[in-house]
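So the chains spell out like this:
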Amino acid sequence: MIRASNKVIRYSFSATYVSGLFEHWQKNPQAVPEGWRQYFSEQINGGAGVQGTTSLNPLDHAKQIQLLYRTYYMFRMFFVCGHQLADLDPLNLPHTKEYGRVKGSRPEMTLDSFGFKKEELDIPIYFGNKDQRSFIYPFMEAKEEWTIREIYDRLSQIYTKKYGVEYIHMVSTEQKHWIEQEMDRIAQWKPSKETQTATWQRLARVDLFNEFLKNRFTTSKRFGIEGTDTLIVGLEALVDQCAQNKVEHIIVGMAHRGRLSTLANVFKKPLEIIFAEFQNKYSKEIEESWGNIGDVKYHLGVTRDQQFPDGHHIRMTMLPNPSHLEAVNPVVQGKTRALQDICGNKQHCLGIIIHGDAAMAGQGVVYESLQLENLNGYSNEGVIHVVVNNQIGFTTTPIDSRSGLYCTDVAKAIDVPIIHVNADDPDLVEEIFKIAVRFRQQFKKDIVIDLIGYRRYGHNEQDQPAFTQPQMYEIINKQKPVFQIYDQQLRKNGVITDDFANNEIKKLNNSLETAYKNIQKETFDKVHWVPKPWEKIQQVTKWGKVKDTGVALKDLLELNEKVNNLPAELTVHPQVKRIYEQRKQSIEQGKGIDFGTAEALAFGTLLHEGFSIRLSGQDCERGTFSQRHAVINDQKKDIKYYPLRNYIPAGGNNRFEVYNSPLSEYGVLGFEYGYSQSNPNVLTIWEGQFGDFANGAQIMIDNFITSGESKWNVPSGLVMMLPHGLDGQGPEHSSGRMERYLQLMDDDPNIVFQMKEQRIKRQILDSNFQVCVCSNPSNYFHSLRRQLRRDFRKPLILFNSKRLLKFSKATSEISHFLEGTRFHRLIPDSHEEIKAPKEIQKVIICYGQVYYDILQKRQETKRNDVAILRVEQLAPFPYDHFRVVAQQYENAEFVFCQEEHQNSGGWQYLEPRIQNVLSLLNQQGKIKHQYLTFCGRRPSASTASGSSTVHKQELEKLLSILFQ
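Just so we're clear, the structure is a prediction, and the values are computed from it rather than from any experiment. Every chain's residues receive numbers from 1 upward, in the order its sequence appears when written. Under the rules for a predicted model, residues below a pLDDT of 70 receive no local features and side-chain atom pairs below 80 are neither given nor counted, while totals for whole chains, interfaces and linings still include all residues. With hydrogens and water stripped out, all remaining heavy atoms of the structure feed into the side-chain values.

A. Main features of unusual backbone geometry. Following Ala-875, the chain continues to Pro-876 via a peptide bond in cis, the omega torsion being -10°. Strands are runs of DSSP state E lasting at least two residues, helices are runs of H or I lasting at least four, and both sets are numbered from the N terminus onward. Relative to the helices and strands, Pro-876 resides in the loop between strand 23 (873-875) and helix 29 (879-886). Its identity as a non-glycine residue notwithstanding, His-629 has a phi of 50°, on the positive side.

B. Looking closely at the packing of helix 5 (residues 148-159) against helix 6 (residues 173-188). Running from N to C, helix 5 and helix 6 cross one another at 90°; their axes reach a closest spacing of 8 Å. Between helix 5 and helix 6, the angle falls in the class roughly perpendicular. Across from Arg-154, Gln-157, Ile-158 and Tyr-159 in helix 5, the residues of helix 6 making contact are Met-183, Asp-184, Ala-187 and Gln-188. Per-class residue counts for the contact of helix 5 with helix 6 are four nonpolar, two polar and two charged. Axis definition: a line fitted to C-alpha atoms, over the contacting stretch in the case of helices. Angles run 0 to 180 degrees between N-to-C directions. Oblique is the label for any angle not covered by the other classes, which are roughly parallel (under 35 degrees), roughly antiparallel (over 145) and roughly perpendicular (65 to 115). Any two residues whose heavy atoms approach within 4.5 Å are treated as being in contact. Three categories are distinguished: nonpolar for Ala, Val, Leu, Ile, Met, Phe, Trp, Tyr, Cys and Pro, charged for Asp, Glu, Lys and Arg, and polar for the others, with Gly belonging to the last.

C. Representation of the packing of aromatic side chains within the structure. For Phe, Tyr and Trp, where Trp contributes only its six-membered ring, two rings pair if their centres lie within 6.5 Å, and the inter-plane angle classes them as stacked under 30 degrees, edge-to-face over 60, or tilted in between. Within the structure shown, the criterion is met by 38 aromatic pairs. The interplanar angle of 50° and the centroid separation of 6.2 Å between the aromatic rings of Phe-603 and Phe-656 together place this pair among those described as tilted. With Phe-603 in helix 22 (residues 595-608) and Phe-656 in strand 15 (residues 656-660), this pair connects stretches of sequence that are 53 residues apart. On the basis of an interplanar angle of 70° and a centroid distance of 4.9 Å, the ring pair of Phe-781 and Phe-817 is categorised as edge-to-face. Highlighted residues: Phe-781 in helix 27 (residues 777-788) and Phe-817 in the loop between strand 19 (796-801) and strand 20 (826-827), separated in sequence by 36 residues. Comparing Phe-781 with Phe-817, the two get one shared label, buried. Pairwise contacts between aromatic rings join Tyr-69, Tyr-73, Phe-78, Phe-114, Tyr-152 and Tyr-159 into one cluster. We note Lys-143 situated over the ring of Trp-146; from NZ or CZ to the ring centre the distance is 4.8 Å. In this scheme, the term charge over a ring applies when either NZ of a lysine or CZ of an arginine sits within 6 Å of the ring centre and within 35 degrees of the ring normal. Across the ring face of Tyr-851, the terminal group of Arg-870 is positioned such that the distance to the ring centre comes to 3.9 Å. Only protein chains enter the accessibility calculation, which uses a 1.4 Å probe. A residue is then buried if its area is under 20% of the maximum for its type, exposed if over 50%, and partly exposed in between.

D. Representation of the side chain of Glu-900. Mapped onto the secondary structure, Glu-900 falls in strand 24 (residues 893-901). The charged-residue count follows a simple rule in which Lys and Arg add positive charge and Asp and Glu add negative charge, with His and chain termini not counted at all. In the sections that follow, a salt bridge refers to a side-chain nitrogen of Lys or Arg positioned within 4 Å of a carboxyl oxygen of Asp or Glu. The buried charged residue Glu-900 lacks any salt bridge partner; its closest oppositely charged side chain belongs to Arg-937, at an N-O distance of 7.2 Å. Within the local environment of Glu-900, its side chain forms a polar contact with the side chain of His-724, the two groups lying 2.6 Å apart. Beyond its immediate chain neighbours, meaning those up to four positions away, Glu-900 contacts His-724, Leu-726, Met-738, Tyr-847, Gly-905 and Arg-937. Definition of a polar contact: a pair of N or O atoms within 3.5 Å, with one able to donate and the other able to accept a hydrogen when the atoms are protein atoms, and with sequence-neighbouring residues admitted only if both atoms are side-chain atoms.

E. How the structure looks around the sheet that holds strand 23. Pairing in this open sheet of seven strands is mixed, and the strands run 15-12-16-17-19-18-23 from one edge to the other. Sheet topology places strand 15 and strand 23 at the edges, where each strand pairs with a single neighbour. Sheet twist, expressed as the average angle between the axes of neighbouring strands with direction ignored, equals 20°. Pairing between two strands requires that DSSP report at least two bridges joining them.

F. Region of the structure containing the sheet that holds strand 25 (residues 932-937). Here five strands make up an open sheet; going across it, the order is 20-22-21-24-25 and the pairing mixed. Both edges of this open sheet fall to strand 20 and strand 25, since each of them pairs with a single strand only. Where strand 20 lies against strand 22 (residues 866-871), two bridges are found, and the strand directions are antiparallel. By the bridge assignment for strand 22, Ile-827 is matched with Arg-870.

G. Expanded view of the environment of Lys-480. Looking at the secondary structure, you find Lys-480 in the loop between helix 17 (470-478) and helix 18 (482-492). For the pair Lys-480 and Asp-424, spaced 56 residues apart in sequence, the C-alpha to C-alpha distance is 10.0 Å. Excluding anything up to four places from it in sequence, Lys-480 contacts Tyr-454, Arg-456, Ile-485 and Gln-488. Within the structure, the side chain of Lys-480 is placed 3.2 Å from the side chain of Gln-488, a separation counted as a polar contact.

H. Spotlight on the pairing of strand 4 (residues 163-166). What you see with strand 4 is no split at all: Tyr-163 and Val-165 on one side and Gly-164 and Glu-166 on the other are buried throughout. Taken together, the four bridges between strand 4 and strand 10 (residues 418-422) define a ladder with antiparallel strand orientation. Opposite Val-165, over in strand 10, you have Ile-419 as the bridge partner.

I. Molecular detail of the nonpolar core. What makes a nonpolar core is a set of buried Ala, Val, Leu, Ile, Met, Phe, Trp, Tyr and Cys residues whose side-chain atoms join them at distances within 4.5 Å. Counting 84 residues, the largest nonpolar core has Met-74, Phe-75, Tyr-137 and Leu-231 as its most contacted members. At ten residues, helix 3 (residues 58-81) tops the list of elements feeding residues into this core. Ranked by size, the runner-up nonpolar core spans 75 residues in total, among them Leu-319, Val-682, Met-745 and Ile-927.

J. Expanded view of the pairing of strand 6 (residues 302-307). As judged from the six bridges shared by strand 6 and strand 7 (residues 313-318), these two strands associate in the antiparallel manner. Considered in strand 7, the bridge of Gln-306 is made with Ile-314. Hairpin connection from strand 6 to strand 7: five residues lie between these consecutive antiparallel strands, with Gly-311 at a positive phi of about 90°.

K. Fine view of empty space enclosed by the protein. Buriedness of a pocket was judged along seven lines, with at least five required to meet protein on both sides within 12 Å; pockets are open sets of points on a 1 Å grid over the protein atoms alone, cavities are sets where a 1.4 Å probe fits but cannot get out, and lining residues have an atom within 4 Å of a point. Grid points are joined across faces, edges and corners, and a volume is the space filled by probe spheres set on the points. As enumerated under the stated definition, the model contains nine cavities of 30 Å³ or more in all. Within this model, the largest cavity holds a volume of roughly 130 Å³. What lines the largest cavity is a set of 15 residues, and nearest its centre among them are Gln-627, Glu-687, Tyr-780, Asn-800 and Leu-805. Elements represented by at least two residues in the lining of the largest cavity include exactly helix 22, strand 17 (719-724) and strand 19. Classifying every residue of the lining of the largest cavity by side-chain character gives seven nonpolar, four polar and four charged. The computed volume of the second largest cavity comes to approximately 80 Å³. Every residue lining the second largest cavity is listed: Val-563, Tyr-580, Arg-583, Gly-596, Glu-599, Ala-600, Phe-603, Arg-628, His-629, Ala-630, Pro-643 and Leu-644. Going through the elements one at a time, helix 21 (574-589) and helix 22 are the ones with two or more residues in the lining of the second largest cavity. Top contributing element to the lining of the second largest cavity by residue count: helix 22, with four residues. Class assignment of the residues belonging to the lining of the second largest cavity gives a composition of seven nonpolar, two polar and three charged.

Okay, structure coming up:
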């Protein structure tokens, strides 16, 4: 019998090395490491641990050690490569690079390949005590002695099932041991008859639903789940397991493949609604509502409450999403985090993200969102990822769609287990989905399930896949659907009877037919199935009407004392200390209030009213331009201090959160958009390091933030802060690409001709978002407070000047923050030195920081016959206010000036709107000149010059032309 200690199993041994150690031990036991002393003593003295004389030949002993080494090597090979032995492919496609589930050949893992001889296979080997054996593998606990044959058979039993697990890359020994225990359990596990009957019923619903859609709506795209039908079975089992673990919220994000089946079978969306969407039946209310252009049926979301037999409730939400695969991933994480922050327990809210195999490997946002997994400001304490693996992406096979072994290889970067499972084994799929929930709940980490199946039809049902994959689809066409396979198996094994199965199928078909007939009735109205209402929006009337955003002086002074007086025990950097002293002084003196101070006042007063604030972005704690310092780092201790939290009543510190984000725009902006959906009483802000960098998140801007409410009736109050302004810093640090946002606005430039009153009521409510450029701190203050002092929410895009942050002339007086004041969409010229409106010869319309350049030029040229109007809210354009102001200048010509190039900035959006107002006023005889002219930089492919000298020359030329 050979004995082994686990203290030496981690090393590789050679015969020469072991022989040398043995000779040293015989001469002097203390000359060899402790583990080897114990080992040699146990071998010679039967475990007594006392040295004695022996005639043991060191070379024979070395051969025994080599036997142990090969045993441990066998274990290691199964740990690392065993998943490649699993029977994962329902189609059993040729194991080639073109069609195989992995790239490359399987490792050879036979007894011969490990170097074992036939006479060695049945030698009993002692592997130490119970703890030592458990360290090797959980099943080893069962007995002290194992033969090589027994070990190999047991490992083969575990690793050649219809699932494979990648986990050896993980750091935590505890988590790896947990996975191994589950793998060992599943190898011996058999489902009960009751469980299999329930699985059969679930699978029958999926199969018959898909078949019904195929037969009734033959020309419609539905992106069916056929080939990975067990996704639905697994999701239903997952929900059941969540109920046992007392999860209260489940948020699901998925692409179009299988979405309708998921909505019908997991979310129990009424079949009548789904069938109505196929026939484009919409209620009159939906058709006539503002901006509701809708979306295709396989992009829509839903929310429902599910009650379980024990009385537990789970609110389940399927988020709507566009066709941009994987774009919904960070939105799921953000919405989940918001719900977790509301309920105070992250384990009660679970995010589930369902991926496609090609998209999982190909889309960069997958990695960006995965990277949020364990970050303090973004963690969900575990998301369950499910890959619906069709082994093909549209017409592209794995050889062309990924470089790694599996489509899930990207997930190894975040230290989580990956379970591959054959989609044609419904029982196993259910169990794997339950394991995923238990792992997440216990270890608060992500887990990935790779559900490997196939796609029975083309990318959509009208597509012909045999054009590009003829061999693959020859196999698929011969493959029985999983329900047929499972149905025959259960009938054959006596789990269900023919009568039971036939009756159930008949009932399911009847329910489908009944639902289809109901949509033909005039009484049917799909508006009765709409998403659950948003949480009640907090409406405050403190300090005046809702639209009044000013604050009482005594409250501002109290905030000043509590926030800007830093604790004496805090070691503050001298420059930061000076910033806070200047803020305190400006408020006390009532003048010289800069943008950083105004922002702090806005945040503090909103917190005082009971709202919460979440600010996220690259370096946003300090601020890219050192303007914020919302978080102060002690210079001697590892302590972070949040001054604004000092103004929040005790126990509410978590209502103000500021997080430096990872270096990601797409993923983080998506996260914040998702967060803003869940709680309208949080001012959710994403700040770009520079506005230029937001284009890395253009998909999120185009397909969610600016159009989500119009397509899906999903409101959001997200604020995007984009540093913007031409300051001679080059084309990547100058422009937030304002023109792109303005192009996405849906307000009608011709509305001015339809106005019956001076004011357009609720104009912002009927727009998809807002774009503002604040030229002074007080208006910036009001723009932030206005976001939450409304009874609705709209996204706000704020283009903030970098130069004005600490510009001495761009400051405000305390009176502009007080009760009765509000946001100014347009700021008229109120300087006393200019002439009366009728004597004004030129009106310059501008926005942003160029105003101060124009103002300085007017002072230099002493042109008191020129008025300057500042548009602070570019979109929706303030037609009513502009008309009232413009008609005062009856003899003036109107010029629009911007610092951006003519094909950039606000000109292309503002020109038709301003022009329409001027034309109307001219028709009414109120102004003499009706045409608007442009003054600015000429069109350019690049947003700005990389030379500060050229920048100054361009600006001076612009101003000179303006005042000719």
